[in-house]
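This is what each chain is made of:
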Amino acid sequence: MNKKNKIITIAIDSPAAAGAGTQAKFIASEYNLLYLDTGKIYRYIGNLRLKNSKNFNLNFIKKKINKLNINELKNKHLLEDNVAKSASIIARNIKIRNLVKNFQLRCAYNPPSKYSGSVLDGRDITSVIMKNAMFKFYITANIEVRAKRRFLEFKKMKKKVNFNDVLKSLKYRDYLDKNRKHSPLKKTKDSILINTSKLSKKACFYKIKAIIDKKLKINGNI
Ligand code: C5P
């Protein structure tokens, strides 16, 4: 059996602010997995576009991605709403998507050996990047709940925000992400639907954990 078969691989897709990142972090910590928030890669490129409009081209992006260190994705500036919108715009480009594919595949199937596997979240993880993942989840919540959560996150970061602007921005990104030609956000048939609208973070995690533990026990992993 090669390493690819032995490690635990978990793929998550979700619209923005549905709670996927929170759940992915809980999962990573519970099962000792490498966590990659793939949206941060698109935000990183979206930010390059905002900062370097003159030399923003495929070659420039390729050079940046080749040197990209996972720690650079922790930059708080990437959480800004204008960066998120820019990310959704550049994410429609198939050439840009292909540039970041290998980085994601490496994290998914060859995480550093200290980890027991990987968990990735994004928009095309279950449908394109990790089609063969051991577990696939589609995490969602209704748009008002998501907007409220994002609004409160911005408030916590002391950002001056208006609820309706947050709602509008999420709707705009949902539209772009679900209707684009390449790798649109969708629930694959083999993904388990988790609706977080009425669940606390912990309740949601216990639901996911029960699903994972059941299969790992059957497979003899735990
Ligand atoms: O998850 P997050 O909101 O940070 O993602 C920012 C944007 O990056 C998304 O709205 C989407 O357009 C894009 N993205 C993507 N594919 C992924 C992850 C994110 O197209 N796997």
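Everything that follows concerns the structure shown earlier in this document.
The model shown is predicted, which means the values in this text are computed figures rather than measured ones.

Enquirer: Could you clarify how one ought to interpret the site of the ligand in this entry?
Expert: Taken together, 15 residues sit near the ligand, with R43, S88, R97, R173 and D177 positioned nearest. Within the side chain of D177, one N or O atom sits 2.6 Å away from an oxygen atom of the ligand. Side-chain polar atom of R180 to an oxygen atom of the ligand: 2.9 Å apart, as the coordinates give it. Protein burial of the ligand: of its 450 Å² of free accessible surface, 94% is covered by the chains.

Enquirer: Looking at this structure, how should I read the environment of S183?
Expert: Take S183: it is sitting in the loop between α9 (163-179) and β5 (192-195). Residues within four places of S183 in sequence aside, it is in contact with R97, D124 and V128.

Enquirer: So what exactly am I meant to see when it comes to the packing of aromatic side chains here?
Expert: The relative placement of two aromatic rings is captured by the distance of their centres and the angle of their planes. Scanning the model with the defined rule gives three aromatic pairs in all. With 5.4 Å between their ring centres and 50° between their planes, F26 and F205 make a pair best called tilted. Residue F26 is found in helix α2 (residues 20-31), and its partner F205 is found in helix α10 (residues 201-218); the two are separated by 179 residues along the sequence. The exposure class of F26 is partly exposed, given its relative accessible area of 23%. Ring centres of F151 and F163 lie 5.9 Å apart, and the angle between their planes is 85°; on these two criteria the pair is classed as edge-to-face. Within this pair, whereas F151 is found in helix α8 (residues 143-156), its partner F163 is found in helix α9, the two being separated by twelve residues in sequence. On the basis of relative accessible area, F151 is assigned to the buried category, the value being 16%. A residue is classified by how much of its surface remains accessible, and F163, at 28% relative accessible area, is partly exposed.

Enquirer: Would you mind going over the sheet that holds strand β4 (residues 135-140) with me for this structure?
Expert: Sheet strands associate in pairs through backbone hydrogen bonding, adopting either a parallel or an antiparallel arrangement. Strand order across the open sheet formed by five strands is β2-β3-β1-β4-β5, with parallel pairing between neighbours. One side of each edge strand has no neighbouring strand; the edge strands of this open sheet are β2 (33-37) and β5. Averaged over all neighbouring strand pairs, the angle between strand axes comes to 20°, with direction disregarded. Pairing analysis gives four bridges linking β4 to β5, with the strands arranged parallel. Opposite F137, over in β5, you have I192 as the bridge partner. Across the face of the sheet, α2 comes into contact with β1 (8-13), β2, β3 (117-122) and β4 while running at roughly 165° to β2.

Scoring rules and cut-offs
- Residues numbered from 1 in each chain as written.
- Predicted model: local features only at pLDDT ≥ 70, side-chain atom pairs only at ≥ 80, totals over all residues.
- Heavy atoms only, no water.
- Near = heavy atom within 4 Å.
- Polar contact = N/O pair within 3.5 Å; in protein donor to acceptor, adjacent residues only side chain to side chain.
- Areas by Shrake-Rupley, 256 points an atom, 1.4 Å probe, with all protein chains shown as cover.
- Helix = DSSP H or I, 4+ residues; strand = E, 2+ residues; numbered from the N terminus.
- Contact = heavy atoms within 4.5 Å.
- Phe/Tyr/Trp six-rings, centres within 6.5 Å; stacked < 30°, edge-to-face > 60°.
- Buried < 20%, exposed > 50% of the residue type's maximum accessible area, 1.4 Å probe, protein only.
- Pairing = 2+ DSSP bridges.
- Axes fitted to C-alpha atoms, helices over the stretch in contact; angles between N-to-C directions.

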